Amino acid sequence: MTNTASDTLLFLRSWLTKPLEVAAIAPSSTRLAAAMTCEIDRYTGDVLELGPGTGIFTRALLRNGVRQDQLVLVERNPAFAALLRGRFPQATLIEGDAQHLRLSPARKIGAAVSGLPLLSMPRQTVHGILDAVFQHLGDGGSLFQFTYGPRCPVPSALLDAHGLEASFLRWVPLNLPPASVYRLSRRKR
Ligand SMILES: C[S@@+](CC[C@H](N)C(=O)[O-])C[C@H]1O[C@@H](n2cnc3c(N)ncnc32)[C@H](O)[C@@H]1O
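Rules used throughout
- Residues numbered from 1 in each chain as written.
- Predicted model: local features only at pLDDT ≥ 70, side-chain atom pairs only at ≥ 80, totals over all residues.
- Heavy atoms only, no water.
- Helix = DSSP H or I, 4+ residues; strand = E, 2+ residues; numbered from the N terminus.
- Rg over C-alpha atoms; globule rule 2.2 N^0.38 Å.
- Patch = residues over 30% accessible without salt bridge, like charges linked within 9 Å, V, L, I, M, F, W, Y side chains within 5 Å.
- Areas by Shrake-Rupley, 256 points an atom, 1.4 Å probe, with all protein chains shown as cover.
- Salt bridge = Lys/Arg side-chain N within 4 Å of Asp/Glu carboxyl O.
- Buried < 20%, exposed > 50% of the residue type's maximum accessible area, 1.4 Å probe, protein only.
- Near = heavy atom within 4 Å.
- Polar contact = N/O pair within 3.5 Å; in protein donor to acceptor, adjacent residues only side chain to side chain.
- Pairing = 2+ DSSP bridges.
- Right-handed = clockwise from strand over helix to strand, strands pointing away.
- Core = buried A, V, L, I, M, F, W, Y, C linked by side-chain atoms within 4.5 Å.

A.B. asks: Outline the overall build of the protein, listing residues and values.
C.D. replies: Check the secondary structure of the protein and you find 7 helices and 7 strands. Secondary structure elements of the protein, listed N to C terminal, follow the sequence α-α-α-β-α-β-α-β-β-α-β-α-β-β. Here the C-alpha atoms of the protein give a radius of gyration of 15 Å, agreeing with the 16 Å that 2.2 N^0.38 yields for 189 residues. Across its three principal axes, the protein shows a C-alpha extent of roughly 50 × 35 × 25 Å.

Shown next as structure tokens:
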């Protein structure tokens, strides 16, 4: 499903009030959503989604066969959080800051998808987010992140500090603006 006019309007309004936090004037395209979620299905385990916004990646995950009750959505913006709660009632919705994420150890997270604007965040915040994600992500699990920038949005020093490696997955020209998708995972010993 593509973005509705009301989703686009809500996005634009949210961007006008919190430009650095929302960091895009429109939701991602279905092409970008497909690229971000192409390695995830119902067998991946629970899926953590950071910054779902209006839920374009969430819908792509459901299309891939992931069940709503496998989803943990972390969204800081109250308007987006209210929309997501109504749209995905069986998902776990955490209205708050991704860097303070704390989940029950019973949740086995197999993959994480992030729409967070890492490039507009202070380095310390990105550090906190990586800590939170990889603390919950099972062995072999990956974090999928997109960026509008020309390289991986996590600098190599930060990847090194967390023992991570990043690989470029795909460039998606049909998005506003065009975006690249990266997979971040733990380095193999
Ligand atoms: C670029 S938008 C992406 C939205 C959606 N994933 C998409 O691609 O259309 C960034 C999203 O991250 C959320 N966000 C920004 N900082 C956050 C934080 N620290 N914790 C949780 N959500 C955050 C914003 O509210 C917004 O929904």
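Structure's up, so let's keep going.
A.B. asks: I'd love a proper account of a nonpolar patch on the surface, names of residues and values included.
C.D. replies: On the surface, L9, L12, L16, I25 and L176 cluster together to form a nonpolar patch covering roughly 480 Å² of accessible area. By secondary structure assignment, the location of I25 is in the loop between α2 (19-22) and α3 (30-37). In this structure I25 comes out as partly exposed when scored by relative accessible area, which is 40%.

A.B. asks: I'd like a rundown of the site of the ligand, residues and numbers included.
C.D. replies: Surrounding the ligand, one finds 24 residues, the nearest of these being V22, S28, G51, E75 and A98. In this structure, S28 approaches the ligand through a side-chain N or O atom, which is 2.5 Å from an oxygen atom. Within the backbone of R76, an N or O atom sits 3.4 Å from a nitrogen atom of the ligand. Protein contact buries 99% of the 600 Å² of open area that the ligand shows by itself. The set of elements that each furnish at least two residues to the shell around the ligand consists of α2, α4 (56-63) and β2 (71-75).

A.B. asks: Can you explain the pairing of β2? Please cite residues and give values.
C.D. replies: The buried fraction of β2 amounts to 5 of the 5 residues, a majority that puts the element mostly inside the structure. On β2, burial covers both faces: L71, L73 and E75 on one face and V72 and V74 on the other are all buried. As paired elements, strand β1 (residues 46-50) and β2 share 4 bridges and run parallel to each other. Its bridge partner being in β2, L50 is matched across the sheet by V74. On the question of chirality, the crossover connecting β1 to the parallel β2 by way of α4 is right-handed. By the bridge criterion, 4 bridges tie β2 to strand β3 (residues 92-95) in an arrangement that is parallel. Within the sheet, the bridge partner assigned to V74 lies in β3 and is I94. Tracing the backbone out of β2, into helix α5 (residues 78-87) and back to the parallel element β3 gives a crossover that is right-handed.

A.B. asks: Residue-level account of the nonpolar core, with values.
C.D. replies: Core analysis: the biggest nonpolar cluster contains 26 residues, and L48, L50, L130, V133, F134, V154 and L184 have the highest contact counts within it. Breaking this core down by element, the ones donating at least two residues are β1, β2, β4 (109-114), α6 (123-136), β5 (137-147), α7 (156-162) and β7 (179-186). The dominant element in this core, judged by the number of residues it contributes, is α6, at 6 residues. Membership of the second largest hydrophobic core comes to 25 residues, among which are V66, L73, A111 and F144.

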